[in-house]
Amino acid sequence: MEAKETELAKAAERNELQTMERLIAEGVSANAKDEDGTPALVLAAVGGHLDALKLLRRHGANLDATDWFGWTALIEAVYYGKTDCAEALLEWGADKDAVVKSGETALHLAAHQGQLECARLLVRARADRAKKNNLGSTALDRAHAKGKAEVAALLEQADADVSTPLPRPSLSCQPPIS
């Protein structure tokens, strides 16, 4: 069965939907991994293969399965700027704050790579902007360090929106003047 699991993972990497359907019908798990231990879902995300992601999800693939480095499908989709895949994974409930071995989250990697649209999706999904990696850096720190000004501006604006106090309600008991 191990050879068929690798075959399914490779089919996901190449977006070979018919092969994937056949192998799953033969009993191969949607959580199959290649010979390096990378899940089919992660390989589909790297390639930006949304249809393969949908097929694997429909057959019960673990959205937060990781490769050897702790990278999930969402993290890979963000890193490579596969916005449609990242959006789908977030909608399906993938862990937006999953951490790779270096302590980086998808938001850290969006900042590092300058993936503005993916960063925007993660901010909207309320990814943890204060999370620090193993070196003590936030996603905003990473954006600044890599010169990714647009992502830095997005993160700064998101932080400002959260920290801006709401206007105080009027404490006056007087009716408004008409």
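See the structure above.
Keep in mind the model is a prediction, meaning the values are calculated, not measured. (Residues numbered from 1 in each chain as written. Predicted model: local features only at pLDDT ≥ 70, side-chain atom pairs only at ≥ 80, totals over all residues. Heavy atoms only, no water.)

A look at the packing of helix H1 (residues 2–14) against helix H3 (residues 40–47)
So, point 1. One way to put it is that H1 packs onto H3 with a least axis distance of 7 Å and a crossing angle of 20°. With respect to their mutual orientation, H1 and H3 come out roughly parallel. Here H1 runs over H3; the crossing is right-handed. Taking contact as the criterion, the partners of Leu-8, Ala-9, Ala-12 and Glu-13 in H1 are, on H3, Ala-40, Leu-43 and Ala-44.
So, point 2. Across the contact of H1 with H3, the residue classes tally to 6 nonpolar, no polar and 1 charged. (Axes fitted to C-alpha atoms, helices over the stretch in contact; angles between N-to-C directions. Helix = DSSP H or I, 4+ residues; strand = E, 2+ residues; numbered from the N terminus. Parallel < 35°, antiparallel > 145°, perpendicular 65-115°, else oblique. Left-handed = near helix turned anticlockwise from the far one by under 90°. Contact = heavy atoms within 4.5 Å. Nonpolar A, V, L, I, M, F, W, Y, C, P; charged D, E, K, R; others polar.)

Side note on the pattern of salt bridges
So, point 1. Overall, the coordinates contain 10 salt bridges when judged by the stated rule.
So, point 2. Here Glu-7 makes a salt bridge to Arg-22, at a shortest N to O gap of 3.0 Å. With Glu-7 in helix H1 and Arg-22 in helix H2 (residues 17–25), the pair connects residues that are 15 residues apart, well separated along the chain.
So, point 3. The exposure class assigned to Glu-7 is partly exposed, which follows from its relative accessible area of 32%. (Salt bridge = Lys/Arg side-chain N within 4 Å of Asp/Glu carboxyl O. Buried < 20%, exposed > 50% of the residue type's maximum accessible area, 1.4 Å probe, protein only.)

With respect to the packing of H3 against helix H4 (residues 50–58)
Two quantities define a packed helix pair, namely the angle between the axes and the distance from one axis to the other.
So, point 1. Running from N to C, H3 and H4 point in directions that differ by 160°, and their axes come no closer than 8 Å. As summarised for this structure, H3 and H4 are arranged roughly antiparallel, according to the angle between their axes. Relative to H4, the crossing made by H3 is left-handed. Note on element contacts: H4 touches H3 through Ala-52, Leu-53 and Leu-56, opposite Ala-40, Leu-41, Ala-44 and Ala-45.
So, point 2. Classifying every residue of the contact of H3 with H4 gives 7 nonpolar, no polar and no charged.

Description of the packing of aromatic side chains
So, point 1. Taken as a whole, this structure holds 3 aromatic pairs when the rule is applied.
So, point 2. On the numbers, 5.2 Å between centres and 75° between planes, the contact of Trp-71 with Tyr-79 is edge-to-face.
So, point 3. Owing to a relative accessible area of 17%, Trp-71 belongs among the buried residues under this scheme.
So, point 4. Through a chain of ring-to-ring contacts, three or more aromatic side chains come together here, namely Trp-71, Tyr-79 and Tyr-80.
So, point 5. For the cation-ring pair, Lys-101 lies above Trp-68, with the distance from its terminal atom to the ring centre recorded as 3.7 Å. (Phe/Tyr/Trp six-rings, centres within 6.5 Å; stacked < 30°, edge-to-face > 60°. Lys NZ or Arg CZ within 6 Å of the ring centre and 35° of its normal.)

Some thoughts on unusual backbone geometry
So, point 1. A positive phi angle is found at Asn-15, which is not glycine, with a value near 60°.
So, point 2. As for its position among the elements, Asn-15 is in the loop between H1 and H2.

A look at the nonpolar core
So, point 1. Grouped together as the largest cluster of nonpolar side chains are 58 residues, with contacts concentrated most on Leu-53, Leu-56, Leu-74, Leu-89 and Leu-122.
So, point 2. Filtering out sequence-adjacent residues up to four positions away, Leu-56 remains in contact with Ala-12, Met-20, Ile-24, Ala-30, Ala-40, Leu-41, Ala-44 and Ala-61. (Core = buried A, V, L, I, M, F, W, Y, C linked by side-chain atoms within 4.5 Å.)

Considering the environment of Val-28
So, point 1. Tracing the chain through its elements places Val-28 in the loop between H2 and H3.
So, point 2. On the basis of relative accessible area, Val-28 is assigned to the buried category, the value being 4%.
So, point 3. Considering only alpha carbons, one finds Val-28 and Glu-7, 21 residues apart in sequence, at a separation of 9.6 Å.

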